[in-house]
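Structure assessment
Chain by chain, the residues:
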Amino acid sequence: MLCLKIKLTGQCTVFRPGGETPPVTLLPRSPFPPLRNACLSSYVRGTHTDRATWQRELRRSPTRVQWDPERDLRLRPLPYRSLQLGLSGEAARRYADEWTVAIRDVTPLAHEIHALVCDDALDAARALLPREQPYPAAEELLSNLRP
């Protein structure tokens, strides 16, 4: 399964086994197609009818969703979350072949930001971060994906 962490900018980080530094993948600024067929990765009482229904949805869904806390430069949790997606089957293939618009290696930038944070130059580090804005997704697309 391919795991993606979707940022508000429409960028996502691809997590690979082994922990090597991932590139940033740029996604189109339209609602990300896998969200239409997504299912929360864990059962949430009140969101799902019952545990058995959620388990059936999870088995059928090519996309799994969990919400991870976003973090500041010091890795402290922020009051909002990023969507993390797990893609399998057709969704993983289409992500690679159709939905990705660019891949950029941001390793040097990450090292530069890290060095600034270590030197306590947080304003300079913040200035290097990409500008974030809400990713366009209709409420009905996300309504069954909120924990």
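Residues numbered from 1 in each chain as written. Predicted model: local features only at pLDDT ≥ 70, side-chain atom pairs only at ≥ 80, totals over all residues. Heavy atoms only, no water.

**Focus: the side chain of Asp72**
The condition that has to hold: Only DSSP runs of H or I with at least four residues qualify as helices, and only runs of E with at least two residues qualify as strands; both kinds are numbered from the N terminus onward. Polar contacts here mean pairs of N or O atoms no more than 3.5 Å apart (in protein, one a potential hydrogen donor and the other a potential acceptor; neighbouring residues in sequence count only if both atoms are side-chain atoms).
Among the structural elements, Asp72 can be located in the loop between strand E5 (63–71) and strand E6 (77–87). Polar contacts involving the side chain of Asp72 include one to the main-chain amide nitrogen of Arg74, which spans 2.9 Å. Polar contacts involving the side chain of Asp72 include one to the side chain of Arg76, which spans 2.8 Å.

**Some details on the pattern of salt bridges**
Rules: Salt bridges are defined by distance alone: a side-chain nitrogen of Lys or Arg within 4 Å of a carboxyl oxygen of Asp or Glu.
Counting across every chain of the model gives seven salt bridges. The salt bridge involving Arg76 is made with Asp72; its shortest N-O contact spans 2.8 Å.

**Looking at helix H3 (residues 107–118)**
We apply this condition: A helix is expected to span 1.5 Å multiplied by its residue count minus one. What makes two residues a contact is simply this: any of their non-hydrogen atoms within 4.5 Å.
For H3, spanning 12 residues, the distance from its first C-alpha to its last is 16 Å, which sits close to the expected 16 Å at 1.5 Å a residue. The inward-facing, buried residues of H3 abut helix H4 (122–128). Once H3 ends, the next one or two residues include Asp120, with phi positive near 65°.

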